[in-house]
Amino acid sequence: MKNTKLAYGTPAKVLHWLLALLLIGQSVVGLYFADMPRGDDKTELLRLHASFGLLILAFMLIRLGVRASGERVEPVEGTPAMLKKVAHGAHLALYALTFIVIGAGIFTLLTVGWNVDFFGMTVIPTWFERDMDLHHLFEEIHVYGWYVLTALVGLHLVGVVYHTLILKDGTLKRMV
Ligand code: HEM
Ligand code: HEM
């Protein structure tokens with residue numbers, strides 16, 4: 001069940017793919033409502049987006065726990081030293097950026113005077129008076145953070161394709 005030096009345990013694999021799906025869904029919904037005019041439909045999608053964001057946060061925290069409780073999985077044998085460093089850095093950055101995007105999303109709502117709800121139940125009541133300057137700042141961090149996260153996922157996929165098609169090692173297999 002736990003990660004070993006050579007293999008990911010089942011919890012790490014399930015969380016990896018579940019989070020990949022949730023992040024894609026979350027991005028599609030975000031991009032969809034970003035261009036909608038203000039109104040009830042947009043507000044409803046935004047509340048859904050925030051609830052799923054909190055769900056992603058919970059799964060990410062569990063994932064960190066799973067990662068910390070097992071051994072650090074080492075790159076498959078034969079991985080060039082340079083690629084090992086890039087991959088490790090990219091994995092850490094994927095974690096960091098996901099937390100930054102979620103945190104900025106939460107503050108985007110709090111600073112406009114909204115509570116953050118989880119499917120109808122308030123879990124983070126706001127302590128801010130509406131402050132549009134701070135609101136726009138967090139909005140920018142959320143959006144630009146998401147751009148960087150998306151670029152990193154792109155780099156991650158290039159790495160996986162390189163492992164699979166060029167190095168022909170078992171990197172992809174051991175995450176499945
Ligand atoms: C990792 C999880 C998340 C991802 C991938 C994500 C992604 C996105 C994307 C792609 C947009 C559209 C940006 C644009 O082009 O304007 C967006 C907007 C937004 N998100 Fe998130 N989001 C996440 C989590 C959250 C959370 C946890 C909250 C709040 C609790 C949140 C609140 C918002 C708000 C308020 C907007 C609207 C900003 C605007 O209209 O410009 N997001 N999000
Ligand atoms: C959808 C296509 C994806 C594929 C094919 C894929 C594939 C993989 C593979 C094969 C590994 C194992 C690397 C190794 O053993 O060194 C891995 C690890 C990892 N992937 Fe992905 N991945 C995808 C999407 C994502 C997304 C969207 C994220 C966003 C956060 C992500 C984050 C990570 C992280 C952080 C690791 C390091 C291991 C861990 O801590 O769980 N992946 N991925």
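The text that follows walks through the structure, step by step, so that each part is easy to find. Computed from a predicted structure; not experimentally measured.

As a further point, take unusual backbone geometry. We note that Phe-119 has phi near 45°; this positive angle belongs to a residue other than glycine. Summarising the element assignment, Phe-119 is placed in the loop between β1 (116–118) and β2 (121–124). For Phe-119, a count of 12 C-beta atoms within 10 Å translates into the label exposed.

Taken together, 24 residues are adjacent to ligand 1, and Gly-30, Ala-34, Ala-50, Gly-53 and Gly-105 come closest. Elements supplying a minimum of two residues to the shell around ligand 1: α1 (10–34), α2 (40–69), α3 (81–110) and α4 (132–167). With 7 residues, the single largest contributor to the shell around ligand 1 is α3.

Attention now moves to the environment of Thr-164. Inspection of the secondary structure puts Thr-164 in helix α4. For Thr-164 and Arg-63, which are 101 residues apart along the polypeptide, the C-alpha to C-alpha distance reads 25 Å. What Thr-164 contacts, discounting residues up to four positions off in sequence, is Thr-171 and Leu-172.

Further remarks concern the nonpolar core. The biggest cluster of nonpolar side chains holds 9 residues, and these are Leu-46, Ala-50, Ile-106, Phe-107, Leu-109, Leu-110, Trp-114, Val-116 and Phe-138. Contributions of two or more residues to this core are made by α2 and α3. Broken down by element, this core gets its largest block of residues, 4 residues, from α3.

Quick notes on the rules
Residues numbered from 1 in each chain as written. Chains lettered and ligands numbered in written order. Predicted model: local features only at pLDDT ≥ 70, side-chain atom pairs only at ≥ 80, totals over all residues. Helix = DSSP H or I, 4+ residues; strand = E, 2+ residues; numbered from the N terminus. Buried ≥ 20, exposed ≤ 12 C-beta atoms within 10 Å, placed from the backbone. Near = placed C-beta within 6 Å. Contact = placed C-beta atoms within 7 Å. Core = buried A, V, L, I, M, F, W, Y, C linked by C-beta atoms within 7 Å.

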